[in-house]
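# Understanding the architecture of this molecule
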Amino acid sequence: MAKRVAVIGSGVSGLTSTKCCLDEGLQPTCFERSDDIGGLWRFKEKVEEGRASIYQSVFTNSSKEMSCFSDFPMPEHFPNFLHNTRFLEYLKLYAKHFDLLKYIKFKTTVISVRKCQDFSTTGQWIVVTESDGKQESTMFDAVMVCMGHHIESFIPMQSFPGIEKFKGQYFHSREYKSPEGFQGKTVVVIGMGNSASDIAVELCQRAKRVFISTRGGSWVMSRVYDDGYPWDTVFHTRFSNLIRSILPWPLLKRVYEQKMNQWFNHENYGLVPQNRALMKEPVFNDDLPSRILCGSVVVKPIVKEFTETAAIFEDGTMEDNVDVVIFATGYSFSFPFLEQSVIKVENNEVALYKQVFPPTLEKPTLAVIGLIQPLGPIMPNAELQARWATRVFKGTRTPPPLSLDPASLWFGTSRSQTLQTDHIEYLDELAEGSDARPRILPLLLKDPKLALTIYFGPCSPFQFRLTGPGKWDGARNAILTQKARIIKPTRTRVVRNSSNNSLVSYLLKIFGLLALFAAVFVSLQQS
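Below is a short write-up of the structure. (Residues numbered from 1 in each chain as written. Predicted model: local features only at pLDDT ≥ 70, side-chain atom pairs only at ≥ 80, totals over all residues. Heavy atoms only, no water.)

### Examining the sheet that holds strand β20 (residues 366-368)
Read from one edge to the other, the open sheet built from five strands follows the order β3-β2-β1-β7-β20, with strand pairing classed as parallel. The sheet is open, and its two borders are formed by β3 (104-105) and β20, each paired with just one other strand. Along the sheet face, helix α9 (residues 378-394) touches β1 (4-8), β7 (142-145) and β20 and points at about 170° away from the line of β7. (Pairing = 2+ DSSP bridges. Helix = DSSP H or I, 4+ residues; strand = E, 2+ residues; numbered from the N terminus. Contact = heavy atoms within 4.5 Å. Axes fitted to C-alpha atoms, helices over the stretch in contact; angles between N-to-C directions.)

### Quick notes on helix α4 (residues 194-203)
Residues separated by three or four positions in an α-helix point in the same direction, a consequence of the helix having 3.6 residues per turn. Counting buried residues along α4, nine of its ten residues qualify, which places the element largely inside the surrounding structure. Looking at α4, one finds that the buried residues are Asn-194, Ala-196, Ser-197, Asp-198, Ile-199, Ala-200, Val-201, Glu-202 and Leu-203. Along its buried surface, α4 packs onto β10 (186-190), β11 (209-214), β13 (283-284), α8 (288-293), β14 (297-301) and β18 (324-327). (Buried < 20%, exposed > 50% of the residue type's maximum accessible area, 1.4 Å probe, protein only.)

### Considerations on α9
Relative to the 24 Å expected for 17 residues at 1.5 Å per residue, α9 spans 24 Å between its end C-alpha atoms, a close match to the ideal helical length. Buried residues dominate α9, accounting for 15 of its 17 residues. Of the residues flanking the end of α9, it is Gly-395, one or two places downstream, whose phi is positive at about 95°. (Expected span 1.5 Å × (residues − 1).)

### Some thoughts on the side chain of Arg-238
Relative to the helices and strands, Arg-238 is located in helix α6 (residues 238-246). In this structure the side chain of Arg-238 is engaged in a polar contact, spanning 2.8 Å, whose partner is the side chain of Asp-428. Those residues in contact with Arg-238, other than ones at most four positions away along the chain, are Ile-424, Asp-428, Pro-438, Ile-440, Ile-454, Tyr-455, Gly-457, Cys-459, Gln-463 and Phe-464. (Polar contact = N/O pair within 3.5 Å; in protein donor to acceptor, adjacent residues only side chain to side chain.)

### Topic: the side chain of Asp-232
Summarising the element assignment, Asp-232 is placed in helix α5 (residues 231-235). Of the side chains bearing the opposite charge, Arg-223 lies closest to the buried Asp-232, which forms no salt bridge; the N-O distance is 9.1 Å. Ignoring anything within four residues of it in the chain, the contact list for Asp-232 reads Ser-62, Ser-63 and Met-66. (Lys, Arg positive; Asp, Glu negative; His and termini not counted. Salt bridge = Lys/Arg side-chain N within 4 Å of Asp/Glu carboxyl O.)

### Thoughts on the pattern of salt bridges
Pairing of side chains with opposite charge becomes possible as their charged atoms draw close. Evaluated as defined, the whole model comprises 29 salt bridges. Here Asp-99 and Lys-102 are joined by a salt bridge, their closest N and O atoms 3.1 Å apart. In this structure Asp-99 comes out as partly exposed when scored by relative accessible area, which is 40%. By relative accessible area, which is 58% here, Lys-102 ends up exposed. Salt bridges here are not isolated pairs; linked through shared partners, they connect Lys-19, Asp-23, Asp-71, Glu-383 and Arg-465.

### Notes on the packing of α9 against helix α10 (residues 423-433)
Where α9 contacts α10, the axes come no closer than 8 Å and their chain directions differ by 20°. In terms of axis orientation, α9 runs roughly parallel to α10. The element α9 and its partner α10 pack so that their crossing is left-handed. In this structure, α9 contributes Pro-380, Asn-381, Leu-384, Gln-385, Trp-388 and Arg-391 to the contact, and α10 contributes His-423, Tyr-426, Leu-427, Leu-430, Ala-431 and Gly-433. Along the lines of polarity and charge, the residues of the contact of α9 with α10 split into seven nonpolar, four polar and one charged. (Parallel < 35°, antiparallel > 145°, perpendicular 65-115°, else oblique. Left-handed = near helix turned anticlockwise from the far one by under 90°. Nonpolar A, V, L, I, M, F, W, Y, C, P; charged D, E, K, R; others polar.)

### As for the environment of Gly-270
When you line up the elements, Gly-270 lands in the loop between α7 (249-260) and β13. Residues Gly-270 and Pro-301 lie 31 residues apart in sequence; the distance between their C-alpha atoms is 8.6 Å.

Structure (structure tokens):
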């Protein structure tokens, strides 16, 4: 009899977890508290309790080739960066293609997940759910928690003395939906992440004045990278990753800063990060520098204190007659339906083996999927987490250890980094768990064109469907045609190619082959 798996949530992580269960011959039941799939990517006019919330204008920061599921490419006519409605459309196409909806119970809230009395031998769980006011208890062989980490808003009130006396309006960015109603107002946005930047840029077209108040600053990148390609298709390549791993840290830091400042000098815009050495996720905003240059958005240090009508900043300057304060100060996460003996969250930190399995369970039958903040798209990370976890549930992979070395855990140096992972390294680590990691050297001898594309081209999700139990026959073609899919939605007016393009392309391929051999040699020397 197939093992029964409870999947909590039907967003990106929940959908791919449900599919991975089916791929491994498991029997999933997905519980979704709302009336439809999509999670974070399903925009609603009003904030709903227990659900992630986005504003109407949200676009993806990862391109379609890098943020799709590994065996389901996005339609080639889709733009490279998607509005939330288009990304939701993709998720619905995915769910329909793999017939996932029949495994989802909508308008069903998970109340509790607790161990069975014989858990130490069976690894089973009792899941209590509620729907239409009625509770139901069901036994499952495994549980996959797919709630994400954008539900519980975090406002450090103690860090902003006087906010309780402020007579204007203040709220968390989770409650922001659109620029309607901000006409002629003075707004202070606290924070320097993607939400803060997006909201400030959007509001400055309606509001009287907009300020961004930041404690640590941030690098700001454009989605448009070298030669006009999406940033992540150029930045996240295996070759670039190798170069970054072998360069001495002082040199890498210098190269990184020069690249970040190539678009504009961050110091001149008051945005340079306080700790430049940290490889924090940059902010992606194509308009922020222009808005600052035009004076529509003003960057200020962190607010030291609020009065009834004003914000006093750390440098002693003051802005009076402030109407609205928006706290884009991040999120907390918790697992209210689980006992602390299963997963304990302290200071926004949680110890999970490879960010997936609680290390103290006698049986590895509970997995947390998507509770990460990768320096890249979360979709392929969550999918590989689910592929590995379901194989552990099935018993075809070695279970994780029952304890963790504290020295091996990385929680960053701030709240925003507690869930951070390196993109390609983490993908490869997960892929080992599902026998899906591509082997470049053997592939170079067997299929040199594919090997070169994998090594020097985008590290797209399709690479992890070339081999192993989840092998997809369309993976090779998807990899070799990804450049065409990137260009198709932008090349809407065809121009004649330069006659030198083919020669340049040929010379680059020769250089690439030599560089690959050199990279393999360096890797062998290091090992």
